[in-house]
Structures are given as C-alpha cells and as structure tokens.
Amino acid sequence: MAETLLPTTVVGSYPQPEWLVDRERMLNRPPPRVRTRDIWRIAEPWLEQAQDDATRLAIRDMERAGVDIITDGEIRRESYSNRLATALEGIDNDNPGTNLGRSGRPMAVPRIVGPIRRRGPVEVRDMEFLRANTNAKTKITLPGPFTMLQQAQDDYYGDEAAAAMDYAAAVNAEIKALFAAGADVVQLDEPYMEALPDKARRYAVKAIDAALDGVVGTTVVHLCFGYAYVVKDKPWKGYHFLPELADCKVDQVSIEAAQPKLDDLAMLRELKNKTIVFGVIDMGDPNIESAEIVASRIRKGLEYVDAERLIVAPDCGMKYLPRAVAFGKLKAMVEGAKIVRRAHA
C-alpha cells in the first residue's frame, strides 16, 4: 500500500478526562518535574484501570478524527517528562531539588544523587496497550536526555555533558524496548534545546545521537517554545536551535509554526535530509481553526519542504485544551491536510 502524502499525527498528549484528573489543580501549577499524585481523582488500587479506560477514549478520539499516526495521549502522565525522569536509578525522589523552569520560576525537580541508570521498562506497557487497541500507525514519546538534565538538580556528576550521556544511555534502552513492543515511531521531546541553545550546542546533539545509537525504527525529536497554556507570547522570529540537527541521527524534526506565526521558514531548508513534522494547529487559540486555515498553513510549509517530507501536526501537546476543542482541532487538521493532498494528487 502506498504511503499517504502529508500524513497527520499528534505531538503526544491529549486532554485527560476530568473524572481522571483534577484539571483545575493541574491548570494552576506549572508542568510538574517531580511526581504529583494529588492530581489524580482515582485511588491507587483502581488508578491503572481508570487510566486504561481514559487511554482508550484518547485513542478512539484520534481515530474518529482521522489522524494517521496516533499516540496513547500520554494519559498516564502527570507531565510529558516526569514519568520517565523520576523512574531512573540515581534519582532521590524523596528529597527533590530545585531548578528554574522556562518561566524563570523555581520548581521542584528530580535530584541526581548517583549514576543515572534505567532500572527497567517505564513506558513499555503503555506502548503494548496502545498497540493492542488500534490498527493505526503508532507513536510514543519520551523526554530527551538534554531536557531531562535541565529539569534536574545535579548533586553527583558536576559535569553536565557526562550526566547527559548517562541519561542518553537510559533513554536508548527504553527506545529499543518501545520498538520491540510495537511502536512505529518514537519521539524524543527536547524543548530545552530551544530554551538553552548555547548550552545545547555544546552537547545536546551528541546526547541525542547516543540515545539513538543502534536504534532501528523511525525517530523524531520535538522542539517547541513551551506549552501554550504556560508560555503565552511566543517568539515570531524563529528557532534559535534547529540547523544543528541536520546531521543528527534522528529521522524527523518536529516544530511548531502556527502560534508563533513563523512566516520565514527558510531554516527548514537546512534540514533537507529530515522529514519535518510541521505544527499547523495553534494550542494558544481556544477557537477551532477552519480546514482552510489549516490548509493555508500547510501550503506555507510546502514552500520550504517537499510534500513527501512533510507530516502535519499540532504545534505541541494538547493536554491543556478542553477535550471538545482538542477533538475539533484534530478534525480540522485532518480536513486541511485532505484539501492540500487533493491538490497534489
């Protein structure tokens, strides 16, 4: 069967039902770096079963919207990163550290007290559950090594590059296990490469390459300016860290272009060997885009990227949106892609 031109996907998260999480509590705090069990409405003996049910709902919504490559919605996570980051050996979860978030405010973060190692599977059951509940192509996401390090307090290494490489080794083992569990695509979330580009230039790509060493399967790295709910005013002049990924081992680079209104996308020409996962849905706009607005954004991307190398996606994760809005935006994204696809038929 021929591959779909301009396939659609999601970046990762989908809104968690209000019967599962206390959304008001979640919305009134930054994305957590340490475990925050108080957001769950379901008691521990029944929490996994409830998360299973909510994950099925997320999968069905993506399927009903017509999305080509779907995720589990990250329904089991308190944030995109803390599920893996707090599961690693070398982290003292009982005595967290403090670090500055992207907003500049101090936050509780994992505290590194020993060598970072993967204890065992973290998201493998999530992937197995996703694979068992859909016939669609699947993607699962992990926080990348560079970003996890920036979201931690290092009381052991004293050498950021060395710490990043140990994070990379842990991520590498998890990625291989996720592909073995049936993933079609594995995505690394690395928003801090954009937030800290000078530091990223020193060792981020080396760490990503180490995380992908020996991996067989389609891989993505996602860069963004932060959740729209948290970061309201996004820069319009473009990314500070993107061409550096041209020679990285990753297959696809995922960016946001809708909310920050990136009109000058010439930087994408420097990634001619990568597939671009192109953000066309604005997570900061509570209104549902029309299919034609989405189509116009896709056409803008096609001025810089061949249609065969472009995947259509939201800007970022959708967890902070109301579920009805998220579903409407996915449907508009799929219909917008169909409009453009017909023109290329």
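Just above sits the structure.
Residues numbered from 1 in each chain as written. Predicted model: local features only at pLDDT ≥ 70, side-chain atom pairs only at ≥ 80, totals over all residues. Heavy atoms only, no water.

A. Quick look at the environment of Gly66. One can find Gly66 in the loop between α2 (44-65) and β1 (69-70). Along the primary structure Gly66 and Arg202 are separated by 136 residues, whereas in three dimensions their C-alpha atoms are 40 Å apart. Discounting residues that sit within four places of it in the chain, Gly66 has contacts with Thr8 and Val334. (Helix = DSSP H or I, 4+ residues; strand = E, 2+ residues; numbered from the N terminus. Contact = heavy atoms within 4.5 Å.)

B. Representation of the layout of surface pockets within the structure. A volume near 500 Å³ is recorded for the largest pocket. Of all the secondary structure elements, the ones that give two or more residues to the lining of the largest pocket are β4 (137-143), β7 (218-222), β9 (275-281) and β10 (310-314). In the lining of the largest pocket, the residues fall into 12 nonpolar, five polar and seven charged. Taken as a whole, the second largest pocket encloses approximately 270 Å³ of empty space. If you list the elements that add at least two residues to the lining of the second largest pocket, you get α2 and α4 (124-132). Examining the composition of the lining of the second largest pocket, we find that four residues originate from one element, α2, more than from any other. Across the lining of the second largest pocket, the residue classes break down as three nonpolar, one polar and nine charged. (1 Å grid on protein atoms, 1.4 Å probe; cavity = no way out; pocket = protein on both sides within 12 Å on 5 of 7 lines; lining within 4 Å. Points joined across faces, edges and corners; volume = space filled by probe spheres on them. Nonpolar A, V, L, I, M, F, W, Y, C, P; charged D, E, K, R; others polar.)

C. Region of the structure containing the sheet that holds β9. The strand order across the open sheet formed by seven strands is β1-β4-β6-β7-β8-β9-β10, and the pairing between neighbours is parallel. Each edge of the sheet is formed by a strand with only one pairing partner; in this case those strands are β1 and β10. When β1 meets β4, the two strands line up parallel, connected through two bridges. What sits directly across from Ile70, in β4, is Thr138. Of the strands in this sheet, β9 and β10 touch helix α9 (residues 291-302), which is tilted by about 150° from β9. Sitting on the sheet, helix α10 (residues 323-343) touches β9 and β10, and the angle it makes with β10 is about 160°. (Pairing = 2+ DSSP bridges. Axes fitted to C-alpha atoms, helices over the stretch in contact; angles between N-to-C directions.)

D. Expanded view of the pattern of salt bridges. Tallying each qualifying case throughout the model produces 30 salt bridges. Between Glu303 and Lys300 there is a salt bridge; the shortest N-O distance is 3.6 Å. Taking the relative accessible area as the measure of exposure, Glu303 reaches 47% and is therefore partly exposed. Close ionic contact of Glu335 with Lys338 constitutes a salt bridge, the shortest N to O distance being 3.4 Å. With Glu335 and Lys338 both in helix α10, this residue pair falls three residues apart, about one helical turn. Classification of Lys338 by relative accessible area gives partly exposed; the value is 34%. One network of salt bridges, in which partners are shared, links Glu48, Asp52, Arg76, Arg83, Arg125 and Asp126. (Salt bridge = Lys/Arg side-chain N within 4 Å of Asp/Glu carboxyl O. Buried < 20%, exposed > 50% of the residue type's maximum accessible area, 1.4 Å probe, protein only.)

E. Up close: the pairing of β9. The element β9 is extensively covered by neighbouring structure, given that seven of its seven residues are classed as buried. Here five bridges tie strand β8 (residues 252-256) to β9, and the two strands are oriented parallel to one another. Paired with Gln252 across the two strands is Thr275, which belongs to β9. You can see the chain leave β9, run along α9 and come back into β10, and the turn it takes is right-handed. (Right-handed = clockwise from strand over helix to strand, strands pointing away.)

F. Geometry of the environment of Gly101. Along the chain, Gly101 falls in the loop between β2 (89-100) and β3 (106-117). With 49 residues separating them along the chain, Gly101 and Gln150 place their C-alpha atoms 8.9 Å apart.

G. Spatial organisation of empty space enclosed by the protein. In total, this model carries two cavities of 30 Å³ or more according to the counting rule given. By volume, the second largest cavity amounts to about 30 Å³. Lining the second largest cavity are Tyr14, Pro15, Pro17, Ala54, Leu57, Ala58, Ile75 and Arg323. Counting residues per element, the lining of the second largest cavity draws most heavily on α2, which supplies three residues.

H. Highlighting the packing of aromatic side chains. Taken as a whole and assessed by the stated rule, the structure comprises three aromatic pairs. Considering the side-chain rings of Phe146 and Tyr203, the 5.4 Å spacing of their centres and the 55° angle between planes classify their relative orientation as tilted. Of this pair, Phe146 sits in helix α5 (residues 145-150) while Tyr203 sits in helix α8 (residues 197-211), and the two are 57 residues apart along the sequence. Looking at Lys319, its charged tip hangs above the ring of Tyr320, at a distance of 5.9 Å from the centre. (Phe/Tyr/Trp six-rings, centres within 6.5 Å; stacked < 30°, edge-to-face > 60°. Lys NZ or Arg CZ within 6 Å of the ring centre and 35° of its normal.)

I. Main features of the sheet that holds strand β5 (residues 153-154). Read from one edge of the open sheet, three strands run β2-β3-β5, paired in mixed fashion. Only two strands of the sheet have a single partner each, and these edge strands are β2 and β5. For β2 and β3, the ladder comprises seven bridges, and the chain directions are antiparallel. Bridged to Asp92 within β3 is Arg111. Running at roughly 80° to β3, helix α6 (residues 160-180) makes contact with β2 and β3 of the sheet.

Limitation: the analysis is restricted to geometry and does not speak to function.
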